[in-house]
Amino acid sequence: MAINLSPKLAKLILRLNPFIRLKVMCRGYSEDLENFTELVWEDDRYLDFHDKETYPQFQLWYV
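Worth saying up front: this structure is predicted, and the values here are computed from it rather than measured.

Criteria and cut-off values
- Within each chain, residues carry numbers counting from 1 in the order of the written sequence.
- In view of the model being predicted, local features appear only for residues whose pLDDT reaches at least 70, and side-chain atom pairs are presented and counted only at 80 or more, with totals across whole chains, interfaces and linings using the full set of residues.
- Side-chain measures were taken over the full set of non-hydrogen atoms in the model, leaving aside hydrogen atoms and water.
- Working definition: a ring pair exists when centres of Phe, Tyr or Trp rings (six-membered ring for Trp) sit within 6.5 Å. Plane angles under 30 degrees give stacked, over 60 give edge-to-face, the rest tilted.
- Secondary structure elements are taken from DSSP: a helix is a run of H or I of four residues or more, a strand is a run of E of two residues or more, and numbering for both begins at the N terminus.
- Only protein chains enter the accessibility calculation, which uses a 1.4 Å probe. A residue is then buried if its area is under 20% of the maximum for its type, exposed if over 50%, and partly exposed in between.

1. Thoughts on the packing of aromatic side chains
Working step 1: According to the stated counting rule, one finds 3 aromatic pairs in the structure shown.
Working step 2: Here the aromatic rings of Phe36 and Trp61 are separated by 5.8 Å at their centres, their planes lie at 55°, and the arrangement is tilted. Here the residue Phe36 occupies a position in strand β3 (residues 36-38), and Trp61 occupies one in strand β4 (residues 57-62), the gap between them amounting to 25 residues.
Working step 3: We classify Trp61 as partly exposed; its relative accessible area is 28%.
Working step 4: When the ring of Phe49 is compared with that of Phe58, the centres are 5.2 Å apart and the planes differ by 20°; the resulting orientation is stacked.

Read these as geometric descriptors, not functional statements.
Put into structure tokens, the structure is as follows:
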């Protein structure tokens, strides 16, 4: 199950997410515009979530 997220909400959920089964995913990460990549707060806290050209879409996945 995937839910589209705004950049602001994606960053908030990524920071506060206590659940292992919820994943914040990003399309465009590492120039991969076709697939989604899981974000991890420790590694991606300084990501420019509002750069729609580089990171065009965020989703919340339940796995």
